[in-house]
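For reference, the chains in residue letters:
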Amino acid sequence: MRTNRTFTMLKPDSVEKGHVGAILEKINAAGFRIVAMKLTQMTTADAKAFYAIHKERPFFGELVEYMTRGPIVAAILEKDNAVEDFRTLIGATNPADAAEGTIRKLYAASIGENAVHGSDSDENAAIEGAFHFSGREMF
Ligand code: UDP
Ligand code: MG
């Protein structure tokens, strides 16, 4: 398994508010290489499958509604220690708890609408990347 890649989504709120360019600049400035990237929209079935680990949580229905309401930017990113470094770059799930200068501190509205996704492990990075991209879309 590759351990130098992570998977991200710039969530519908980031696209709606025109924050895609600014967020990509921060990702670039932090030293990540873009391996794959596209504008896409998840179906309800996609979002339920992608977030299946959260299906018993009280926020699951809202999460699926949010993540399917408009297009996202999905991307695979490469850097040494990619998963951990990207989680540091995006900040805590709740922007109220996110460190200054992090993407969620700057661009997230709430714990639900929190601008970006970042994989939480190398194993999930590989699963999530393969959920959105075929091998011939990765460079
Ligand atoms: N979420 C939410 N309410 C919560 C926790 C999470 O709406 O109390 C949403 C939020 O969009 C979050 C996603 O569910 O990004 C996945 O939750 P997780 O705990 O995996 O947070 P993350 O890994 O995205 O920081
Ligand atoms: Mg998570």
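Going by the structure above, here's the rest.
Since we're looking at a predicted model, the values are computed, not measured.

Thoughts on the side chain of Arg 104
Alright, step 1. Note that Arg 104 resides in helix H6 (residues 103–107).
Alright, step 2. No salt bridge is formed by the buried Arg 104; the nearest opposite charge belongs to Asp 13, separated by 8.5 Å.
Alright, step 3. The residues contacting Arg 104, other than those within four sequence positions of it, are Lys 11, Ile 90, Gly 91, Ala 92, Thr 93, Pro 95, Ala 98, Asn 114, Val 116 and His 117.

With respect to the packing of aromatic side chains
Alright, step 1. Following the criterion strictly, the structure yields 4 aromatic pairs and no others.
Alright, step 2. Note on Phe 32 and Phe 86: the rings are 5.5 Å apart at their centroids and 90° apart in plane angle, and the pair reads as edge-to-face. Of this pair, Phe 32 sits in the loop between helix H2 (20–29) and strand S2 (33–40) while Phe 86 sits in helix H5 (residues 82–90), and the two are 54 residues apart along the sequence. One exposure class covers both Phe 32 and Phe 86, and it is buried.
Alright, step 3. Taking the centre distance of 5.0 Å and the plane angle of 70° together, the rings of Phe 50 and Tyr 51 count as edge-to-face. A single burial state applies to Phe 50 and to Tyr 51, both of which are buried.
Alright, step 4. Chaining the aromatic ring pairs together yields one cluster made of Phe 7, Phe 50, Tyr 51 and Phe 131.

Thoughts on the site of ligand 1
Alright, step 1. Residues in contact with ligand 1, as listed here, are Lys 11, Tyr 51, His 54, Phe 59, Leu 63, Arg 87, Thr 93, Arg 104, Ile 111, Gly 112 and Asn 114.
Alright, step 2. Within the contact set of ligand 1, an oxygen atom lies 3.0 Å away from a side-chain nitrogen or oxygen of His 54.
Alright, step 3. Burial of ligand 1 by the surrounding chains reaches 81%, relative to a free accessible area of 500 Å².
Alright, step 4. Tallied by class, the residues present in the shell around ligand 1 amount to 4 nonpolar, 4 polar and 3 charged.

Focus on the sheet that holds S2
Alright, step 1. An order of S2-S3-S1-S4 is seen for the 4 strands of this open sheet, with the pairing classed as antiparallel. At either end of the open sheet lies a strand with only one pairing partner, and these are S2 and strand S4 (116–118). Pairwise comparison of adjacent strand axes, ignoring direction, gives a mean angle of 15° for this sheet.
Alright, step 2. Here 6 bridges tie strand S1 (residues 5–10) to strand S3 (residues 72–78), and the two strands are oriented antiparallel to one another. Bridging from a neighbouring strand, Leu 10 pairs with Val 73 of S3.
Alright, step 3. Contacts from helix H7 (residues 122–132) reach S1, S2, S3 and S4 within the one sheet, and its direction differs from that of S1 by about 55°.

Reading the values: rules and limits
- Residues numbered from 1 in each chain as written.
- Chains lettered and ligands numbered in written order.
- Predicted model: local features only at pLDDT ≥ 70, side-chain atom pairs only at ≥ 80, totals over all residues.
- Heavy atoms only, no water.
- Helix = DSSP H or I, 4+ residues; strand = E, 2+ residues; numbered from the N terminus.
- Buried < 20%, exposed > 50% of the residue type's maximum accessible area, 1.4 Å probe, protein only.
- Lys, Arg positive; Asp, Glu negative; His and termini not counted.
- Salt bridge = Lys/Arg side-chain N within 4 Å of Asp/Glu carboxyl O.
- Contact = heavy atoms within 4.5 Å.
- Phe/Tyr/Trp six-rings, centres within 6.5 Å; stacked < 30°, edge-to-face > 60°.
- Near = heavy atom within 4 Å.
- Polar contact = N/O pair within 3.5 Å; in protein donor to acceptor, adjacent residues only side chain to side chain.
- Areas by Shrake-Rupley, 256 points an atom, 1.4 Å probe, with all protein chains shown as cover.
- Nonpolar A, V, L, I, M, F, W, Y, C, P; charged D, E, K, R; others polar.
- Pairing = 2+ DSSP bridges.
- Axes fitted to C-alpha atoms, helices over the stretch in contact; angles between N-to-C directions.

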